[in-house]
Amino acid sequence: MDIKTACIHYSSPQLNEGPVVSPIYQTSTFRFRDFQHGADLFAGKTHGYIYSRMLNPTVELLEDCIAQLEGGTKALATASGMAAIQTVFTGLCSSGDHIICSESVYAPTAGLLHNYLSHLGITSSFIDSSDIEQVKSAFQADIKLVFIETPGNPTLVISDIAQIARLCRDRGALLVVDNTFSSPILQRPLELGADIVIHSVTKFLNGHADVVGGIIVVRDENLYQRLRKTLNFFGGVMAPFEAFLVLRGIKTLALRMERHCENAQKIAQFLENHPKVNWVRYPGLPSHPQYQLAKRQMSRAGGLISFELKGGLAAAQRLLNATRLFILAVSLGGVESLIQHPASMTHASMPVELRIRTGITDGLIRLSVGIEDVNDLIADLDQALQKV
Ligand code: LCS
């Protein structure tokens, strides 16, 4: 079944009868038929629902849906993308383990490793994972887990999932891919050899900027059991209403991704020819340093664009105050177009040298291109750039 169909016709035992749209099981706890039923559920002898921190039918339906879209066996929905990342790190690593992480990641992912995992004795190092030689050198140490984000936030740097997966397999390390920027419509890391995929479902999967949530998709049942236990203990689960909204959002995911990609391609071309722009990073432009890899690994180039304005911070301030349709806000992947300044917003917590080295300069602007009419979006950027 094509993934466009699977967004609407995923399978789940829950969908075999009853309503076409799943109800929201807005309950914290579930009635046992009798003593033995309750005891059997706790002993894991029968499938069913005990308590919504452990499993909830609406949330489980979302887990079934995204697991299928990503080509995994099981998934775990979490309260946020950060809760998904934390669950993977704390569930699979313990004191003495080492994690390698892309240096181009959502800044709080790096912050979590630096500021909190280190307290637990879990060490980490950061590399440019688009450079396979750097990945190979990092493997000189004993590594438990490799975490990559591709395309990376906000620089859109692309790492070779299949090649890194082979290195991980040879060395017995787990490969985790943050697939938030692509969604399973554009890129499926498990098919390329990754062990785990995580998403901030806050972004494209939900698509309507009204939910904060996360998901972990795994191929291996044992990993699923370990992560489920971790999630039960830490408690950062998704609520049923959020799961319902994300299920609703996913029905139009394939359609939305097509428009995001079409619009972003045209806007990237417009910006690349604009005299006030130094350079544009978009995986669909031949000028992108990993353009060929992007073509192999992703079906289309996505809805995010980064570009550097001539004139640095002052120019960025003027542009961000001048757009009318592009909303000045962080987050991404919703139907509405957003604009933000990574150096002073999403990536402000990064050390300055690292920020500059990874291309997050004072003139860098990140666009999340929505599904509006592309001519309206270009006209908005055009009028705003005139004020720079
Ligand atoms: N992974 C990526 C690639 C992200 O972009 C984000 C959030 C997260 C994980 C964390 O997910 P959350 O907990 O927020 O659901 N990225 C944001 C951004 O670029 N602007 O605001 C949030």
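Residues numbered from 1 in each chain as written. Predicted model: local features only at pLDDT ≥ 70, side-chain atom pairs only at ≥ 80, totals over all residues. Heavy atoms only, no water.

I keep staring at the side chain of Asp380 and nothing clicks. Help me out?
By the element assignment, Asp380 lies in helix α15 (residues 374-386). Put simply, Asp380 is tucked away with no salt bridge, and the nearest opposite charge, on Arg324, sits 5.5 Å away. Among the polar contacts made by the side chain of Asp380, one reaches the main-chain amide nitrogen of Phe326 at a distance of 3.0 Å. Beyond its immediate chain neighbours, meaning those up to four positions away, Asp380 contacts Thr323, Arg324, Leu325 and Phe326. (Helix = DSSP H or I, 4+ residues; strand = E, 2+ residues; numbered from the N terminus. Buried < 20%, exposed > 50% of the residue type's maximum accessible area, 1.4 Å probe, protein only. Lys, Arg positive; Asp, Glu negative; His and termini not counted. Salt bridge = Lys/Arg side-chain N within 4 Å of Asp/Glu carboxyl O. Polar contact = N/O pair within 3.5 Å; in protein donor to acceptor, adjacent residues only side chain to side chain. Contact = heavy atoms within 4.5 Å.)

Looking at this model, I keep getting lost on the domain arrangement of the chain. Mind explaining?
Partitioning the chain into domains gives domain 1 (3-250) and domain 2 (254-385). The straight-line distance from the C-alpha centre of domain 1 to that of domain 2 is 26 Å. Carbon and sulfur atoms make up 63% of the surface buried where domain 1 meets domain 2, a total of about 2,900 Å² over both sides. Contact with domain 2 buries surface across domain 1, with Ile158, Leu186 and Phe204 losing the most and accounting together for 25% of the total. Scanning the region where domain 1 abuts domain 2 turns up 2 salt bridges. The residue Arg357 makes a salt bridge to Glu103 at a minimum N-O spacing of 3.0 Å. Connecting domain 1 to domain 2 are 15 residue pairs in polar contact (both at pLDDT 80 or more). (Domains from an automatic or database assignment. Buried area = accessible area lost by both parts, 1.4 Å probe.)

So what exactly am I meant to see when it comes to the packing of aromatic side chains here?
Think of a pair of aromatic rings as described by two things: how far the centres are apart, and how the planes are tilted against each other in angle. Under the definition given, this model contains 4 aromatic pairs. Centroid distance Phe32 to Phe42: 6.4 Å. Interplanar angle 85°. Geometry classified as edge-to-face. Taken together, the positions of Phe32 in the loop between α1 (3-6) and α2 (35-43) and Phe42 in helix α2 put the pair 10 residues apart, joining distant regions of the chain. Accessibility expressed as a relative area gives 55% for Phe42, which makes it exposed. Considering the side-chain rings of Phe241 and Phe244, the 6.4 Å spacing of their centres and the 15° angle between planes classify their relative orientation as stacked. Taken together, the positions of Phe241 and Phe244, both in helix α10 (residues 240-250) and 3 residues apart, correspond to about one turn of that helix. Taking relative accessible area as the criterion, Phe241 reaches 41% and is therefore assigned partly exposed. Over the ring of Tyr106 we find Lys203; its NZ or CZ atom is 6.0 Å from the centre of that ring. Cation over ring: Arg281 sits above Trp279, and NZ or CZ is 4.7 Å from the ring centre. (Phe/Tyr/Trp six-rings, centres within 6.5 Å; stacked < 30°, edge-to-face > 60°. Lys NZ or Arg CZ within 6 Å of the ring centre and 35° of its normal.)

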